[in-house]
There are 2 protein chains.
Amino acid sequence: MKEFEWFTEDHTGDVRLSIKARHLYGEDTPFQRIDFFESATFGKFFTLDGLMMVAERDERHYHEMLVHVPMSVAKDPKKVLIVGGGDGGTLRELVRYPGLERVDLVEIDERVVRLCQQFLPSVASAIDADPRINLLFEDGVRFLKEVPDASYDLILVDSTDPIGPGEGLFSCKFYQDCFRALGPDGILVNQHESPFYETYAQSMRRAHKRLRETFPVSEVYHFHMPTYPSGMWLFGFASKGPRPVQDRCADAPAGTSAMPTRYYSAGMHVGAFALPPYVAALLSEEGGA
Amino acid sequence: MKEFEWFTEDHTGDVRLSIKARHLYGEDTPFQRIDFFESATFGKFFTLDGLMMVAERDERHYHEMLVHVPMSVAKDPKKVLIVGGGDGGTLRELVRYPGLERVDLVEIDERVVRLCQQFLPSVASAIDADPRINLLFEDGVRFLKEVPDASYDLILVDSTDPIGPGEGLFSCKFYQDCFRALGPDGILVNQHESPFYETYAQSMRRAHKRLRETFPVSEVYHFHMPTYPSGMWLFGFASKGPRPVQDRCADAPAGTSAMPTRYYSAGMHVGAFALPPYVAALLSEEGGA
């Protein structure tokens, strides 16, 4: 059995987080390098090209905020598309809603799915367990180009950073295709980087500008993500109409005893859309007069 | 001029954050070791006994949430006590309120104040600049024991972790003395550790239990603090009556154009008191039936 060593991720050129972990498995797929580790504090986790993706210890912060925020706003959604999210955490939260009829997951790298099923079953367990799920192993950008109009009620972009395979998922054209693929009250939620470190803040601003140019409603919400750079992370909420706070359904189940959650609650939902003034300023500058 | 090297802080036994920084100055005071550094991403920062205290880049998250939350709830406060806070950041935010008549700062270690004035003027600048400020270099626990009843409208406990000089500031006796030292609508806000890593979560639970046993109103609020372990940090809000959300003054200036802020806003104030369910559960267990 391998020894515990320090896994280190550079968050900036001069800030790095290190986790003492045992390397469980590594593989070069056609798209990226994937590695699985085990650590005392964060449980099992995996990285893509050396960057932390999903750790057992805080993945619910991410997956609950990605799924339950739009699912608490959308009126009777039936068809959902996940782009990316091969680890299965987003699927796991989605299939808790009995009203959903179909969930398509478009993941470019089948090896992410298969290896997460093997090494991270607490996250990936839903992937094979629900007949409403369709797995499609192809490029999300290309898939969205060809999908018929108004195919989905909700699209969740559960992507890596805008480098490597994830780059196209932050483009104008991709957001326009998402708009077209959504029905009349459609909602798009996407991984939206972070306002704190400069390079992530640039990605955040670019994504927000493009989303605002595409969707009539475009907001950003924040949450704590200890394994990600600075721990301060964002999702984007864009829609053809529904507003994330005012239109939240009073009887949404997430965070109640009908659907218990670890991080999400009605109060966290509303609070997450209140932004620190410096974040609001960063987001508004891009669209300034 | 010294080279940049890696400053590393252990957040747990198996998680550490490293910042490339130049060491500016270090000193052993009668109470603790203090060091000043300079880094590209975090600006200047200082540590006590090797633990990150204040960094220019995110100190406003901390100081604004510590000061403007209670100052937006308190009705016409006149006298404020700060326990700890020798860096001056809490003072800097407090003296923005013209209605305050007196601010006493009780700091056990005068060297923290003097060195922050020298190395961190952006944080410490208010210390000598306002005639309402009284500096008292003594033990906060002893000071509170002897202070006359109902001396203050607001007490801010801007302390280190509950080890070393900060330990007594998390004790039952200390909270009882704070209660006694506060006037009829008095508010106590204290540094309340973090729910994420186990050792900090234990301190959080202990502090909350003791506060709840002492004050009729006792809540906890969260904020993003990238330089602190996990980035997910808490303050405690305890009072003899005022409630932190319902009793927030609609005309509080913080976060408006009358008193611009970087992190605090009315929305952030309200949102910060909504806790993730697992944090609420951790806090409630201690006081369970």
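Scroll up a little and you will see the structure.
Rules used throughout
- Counting starts from 1 at the beginning of each chain's written sequence and moves along it residue by residue.
- Each chain takes a letter, starting from A, and each ligand takes a number, starting from 1, following the order in which they are written.
- Since the coordinates come from a predicted model, pLDDT governs what is reported: local features require at least 70, and pairs of side-chain atoms require 80 or more to be given and counted, while whole-chain, interface and lining totals use all residues.
- Calculation of side-chain values draws on the structure's entire complement of heavy atoms; hydrogens and water are dropped beforehand.
- Only rings of Phe, Tyr and Trp enter the pairing, Trp through its six-membered ring, and a pair is recorded when the two centres are within 6.5 Å. The plane angle decides the type: under 30 degrees is stacked, over 60 is edge-to-face, the rest tilted.
- Only protein chains enter the accessibility calculation, which uses a 1.4 Å probe; a residue is then buried when its area is under 20% of its type maximum, exposed when over 50%, and partly exposed in between.
- Each helix is a run of DSSP H or I of at least 4 residues and each strand a run of E of at least 2, with the numbering of both proceeding from the N terminus.
- To sit over a ring, a charge needs its Lys NZ or Arg CZ within 6 Å of the ring centre and within 35 degrees of the ring normal.
- A cavity here means a set of 1 Å grid points, computed over protein atoms only, where a 1.4 Å probe fits but cannot escape. A pocket is an open set with protein on both sides within 12 Å along at least 5 of 7 lines, and lining residues have an atom within 4 Å of a point.
- Grid points are joined across faces, edges and corners, and a volume is the space filled by probe spheres set on the points.
- Three classes are used: nonpolar for Ala, Val, Leu, Ile, Met, Phe, Trp, Tyr, Cys and Pro, charged for Asp, Glu, Lys and Arg, and polar for all others, with Gly counted as polar.
- Note that domain bounds follow an automatic or database assignment of domains.

Enquirer: Can you walk me through the packing of aromatic side chains in this structure?
Expert: Geometry of an aromatic ring pair is reported as the spacing of the ring centres plus the angle between the planes. For the structure on display, the rule yields 40 aromatic pairs over all chains. Note on Phe174(B) and Tyr175(B): the rings are 6.1 Å apart at their centroids and 55° apart in plane angle, and the pair reads as tilted. One exposure class covers both Phe174(B) and Tyr175(B), and it is buried. Here the aromatic rings of Phe223(B) and Phe235(B) are separated by 4.7 Å at their centres, their planes lie at 15°, and the arrangement is stacked. You can see Phe223(B) sitting in strand 11 (residues 217-224) and its partner Phe235(B) sitting in strand 12 (residues 232-239), a full 12 residues away along the chain. Taking the relative accessible area as the measure of exposure, Phe223(B) reaches 0% and is therefore buried. Through pairs of rings, three or more aromatic residues link up here, namely Tyr62(A), Tyr200(A), Tyr221(A), Phe223(A), Tyr228(A), Trp233(A), Phe235(A), Phe237(A) and Phe273(A). Just above the ring of Phe179(B) sits the side chain of Lys240(B); from NZ or CZ to the centre is 4.2 Å. Taking the ring centre of Tyr278(A) as reference, the NZ or CZ of Arg262(B) above it sits at 4.0 Å.

Enquirer: Would you take a moment to explain empty space enclosed by the protein for this structure?
Expert: Unfilled space is identified by rolling a water-sized probe across the atoms. Following the criterion strictly, the structure yields 6 cavities of 30 Å³ or more and no others. Considering the residues around the largest cavity, the lining is formed by 34 residues, among which Leu48(A), Met53(A), Asp158(A), Ser159(A) and Thr160(A) are closest to the centre. Secondary structure elements with two or more residues in the lining of the largest cavity: strand 4 (43-48), strand 5 (51-55), helix 1 (59-71), strand 6 (79-84) and helix 5 (140-146) of chain A. Taken together, the residues that form the lining of the largest cavity break down as 18 nonpolar, 10 polar and 6 charged. Of the domains in this structure, domain 1 (4-55) and domain 2 (59-285) of chain A are the two that each give at least three residues to the lining of the largest cavity. Roughly 320 Å³ of volume is contained in the second largest cavity. Lining the second largest cavity are 25 residues, and of these Gly84(B), Gly85(B), Glu107(B), Asp158(B) and Thr160(B) lie nearest its centre. Mapped by element, the contributors of at least two residues to the lining of the second largest cavity are strand 4 (43-48), strand 5 (51-55), helix 1 (59-71) and strand 6 (79-84) of chain B. Classifying every residue of the lining of the second largest cavity by side-chain character gives 12 nonpolar, 9 polar and 4 charged. Mapping the lining of the second largest cavity onto the domain boundaries places at least three of its residues in each of domain 1 (4-55) and domain 2 (59-278) of chain B.

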